[in-house]
Amino acid sequence: MNTAPENMSSRTAAAWIVVLTVLGGATGFAWGGPFLAVACGLSLGSGGAVGAVLSRRRMVGADRESRGKEAVPGDADGAAEMMILGIHAYKVSVFPLAGPGAVTPAERMARREDAYRLTAADRLTHHVREAAAATLEAIDGGSEPAALSAVENLMEAVQEQRCDR
């Protein structure tokens, strides 16, 4: 079942047109017989159809307009937070607290791929991307003190991005 706004509007409009036509027909029949029932049913049904077409055009236009808008201001902050979480997960898999055999190579590679993918997000600023690349390079290098320093630099870059807004 397609629940796009365009299709939902069509189904809702069709239901309202049928309801208005039946209501107009019943009212017209009660007031003056079969001729008035047909006239009232057609007039209410056609009025409902015109109203449905006009409101649907307005709703579809508003939906298309909202799709073309820029991302919300906090979007870059959210992307940066997700990137930091991904990089931390990768760092923990490279330097596990429980020892070198605590994380399988497959898990380490999956976390590495996730961290690199999150670093490539379009919503991140250039400065944050550079800091993230340096952090990933330090983690890949295998030096835990260098990786910790790079993570701190990354956190500062994200904080500066947040304060610039």
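Each residue is numbered by its place in its chain's sequence as written, counting from 1. This being a predicted model, a pLDDT of at least 70 is required before a residue's local features are given, and a value of 80 or more before pairs of side-chain atoms are given or counted; all residues contribute to the totals for chains, interfaces and linings. Values reported for side chains reflect all heavy atoms of the structure, with hydrogen atoms and water molecules removed beforehand.

Visitor: I keep staring at the overall build of the chain and nothing clicks. Help me out?
Guide: Secondary structure summary: the chain contains 6 helices and 0 strands in total. Three labels apply to residues, based on accessible area from a 1.4 Å probe with only protein chains included: buried if under 20% of the type maximum, exposed if over 50%, partly exposed otherwise in between. Counting the 165 residues in the chain, one finds 30% classified as buried. Here the contacts in the chain between residues at least 6 apart in sequence split such that 62% fall between residues at least 24 apart. A total of about 10,700 Å² of accessible surface is found on the chain, and carbon and sulfur atoms cover 63% of it. Here a helix means four or more residues in a row that DSSP labels H or I, a strand means two or more in a row labelled E, and each is numbered from the N terminus. Only heavy atoms matter for contacts: two residues are in contact if any of them lie within 4.5 Å across the pair. Note that accessible areas follow from Shrake-Rupley with a 1.4 Å probe, and for residues the cover is restricted to the protein chains shown.

Visitor: It is not clear to me how the nonpolar core should be interpreted in this structure. Could you clarify?
Guide: Here is a general trend for soluble globular proteins: nonpolar side chains tend to be buried in one another's company. What we call a nonpolar core is a set of buried Ala, Val, Leu, Ile, Met, Phe, Trp, Tyr and Cys residues that are connected through their side-chain atoms within 4.5 Å. By size, the foremost hydrophobic cluster in this structure holds 20 residues, and its most contacted members are Met-83, Ile-87, Leu-124, Val-128, Ile-139, Leu-154 and Val-158. Every element with two or more residues in this core is listed here: α3 (75–94), α4 (105–119), α5 (126–141) and α6 (144–163). Broken down by element, the residue count for this core peaks at 6 residues, all from α3. When residues no more than four places from it in sequence are discounted, the contact partners of Ile-139 are Ile-87, Tyr-90, Lys-91, Val-94, Phe-95 and Ala-147.

Visitor: Please clarify how the packing of α3 against α5 should be interpreted in this entry.
Guide: For any two helices packed against each other, one specifies the inter-axial angle together with the distance between the axes. Every axis in this analysis is a line fitted to C-alpha atoms, fitted for helices over the stretch in contact. Angles between the N-to-C directions lie between 0 and 180 degrees. Between α3 and α5, the shortest axis-to-axis distance is 10 Å and the interhelical angle comes to 10°. Taken together, α3 and α5 sit at an angle that is classed as roughly parallel. When α3 is examined against α5, the residues Met-83, Ile-87, Tyr-90, Lys-91 and Val-94 are found in contact with a partner set consisting of Val-128, Ala-132, Thr-135, Leu-136, Ile-139 and Asp-140. Three categories are distinguished: nonpolar for Ala, Val, Leu, Ile, Met, Phe, Trp, Tyr, Cys and Pro, charged for Asp, Glu, Lys and Arg, and polar for the others, with Gly belonging to the last. Its residues assigned to classes, the contact of α3 with α5 shows 8 nonpolar, 1 polar and 2 charged. What sets the label is the angle itself: under 35 degrees gives roughly parallel, over 145 gives roughly antiparallel, 65 to 115 gives roughly perpendicular, and the rest give oblique.

Visitor: Sorry if this is basic, but what is going on with the environment of Gly-41 here?
Guide: Tracing the backbone through its elements, the reader meets Gly-41 in helix α2 (residues 34–67). Sequence separation between Gly-41 and Thr-21 is 20 residues; the distance between their C-alpha atoms is 4.4 Å. Once residues lying within four places of it in the same chain are set aside, the contact partners of Gly-41 are Thr-21, Gly-24 and Gly-25.

Visitor: Any chance you could explain the packing of α4 against α5 here in plain terms?
Guide: Contact geometry of α4 with α5 gives a least axis separation of 10 Å together with a crossing angle of 165°. With respect to their mutual orientation, α4 and α5 come out roughly antiparallel. The two elements α4 and α5 cross, and the hand of that crossing is left-handed. In this structure, α4 uses Arg-112, Ala-115, Tyr-116 and Thr-119 to contact α5, whose residues at the interface are Arg-129, Ala-132, Ala-133, Leu-136 and Asp-140. Tallied by class, the residues present in the contact of α4 with α5 amount to 5 nonpolar, 1 polar and 3 charged. Note on convention: the crossing is left-handed when the near helix lies turned anticlockwise from the far helix by less than a right angle, right-handed when the turn is clockwise.

Visitor: Even after reading the chapter, I still don't get the pattern of salt bridges, so can you show me in this structure?
Guide: Between side chains of opposite charge, pairing is possible as soon as their charged atoms come close. When a carboxyl oxygen of Asp or Glu lies within 4 Å of a side-chain nitrogen of Lys or Arg, that pair is called a salt bridge. Counting across every chain of the model gives 4 salt bridges. Arg-111 serves as the salt-bridge partner of Glu-107, at 2.8 Å between the closest nitrogen and oxygen. Highlighted residues: Glu-107 and Arg-111, both in helix α4, separated by 4 residues, approximately one helical turn. Exposure remark for Glu-107: the relative accessible area of 31% places this residue in the partly exposed category. Two residues, Asp-114 and Arg-117, come together in a salt bridge whose shortest N-O distance is 2.8 Å. Taken together, the residues Asp-114 and Arg-117, both in helix α4 and 3 residues apart, mark about one turn of the helix. Under the relative-accessibility criterion, Asp-114 is labelled partly exposed at 35%.

Visitor: Can you walk me through the side chain of Ser-93 in this structure?
Guide: Within the secondary structure layout, Ser-93 lies in helix α3. Residue classification places Ser-93 among the buried positions, given a relative accessible area of 0%. Any pair of nitrogen or oxygen atoms within 3.5 Å is treated as a polar contact; in protein, a donor-acceptor pairing is required on top of that, and neighbouring residues in sequence qualify only through side-chain atoms on both sides. Within the local environment of Ser-93, its side chain forms a polar contact with the backbone oxygen of Tyr-90, the two atoms lying 2.7 Å apart. Residues contacting Ser-93, with those up to four places away along its chain left out, are Val-103, Arg-108 and Arg-111.

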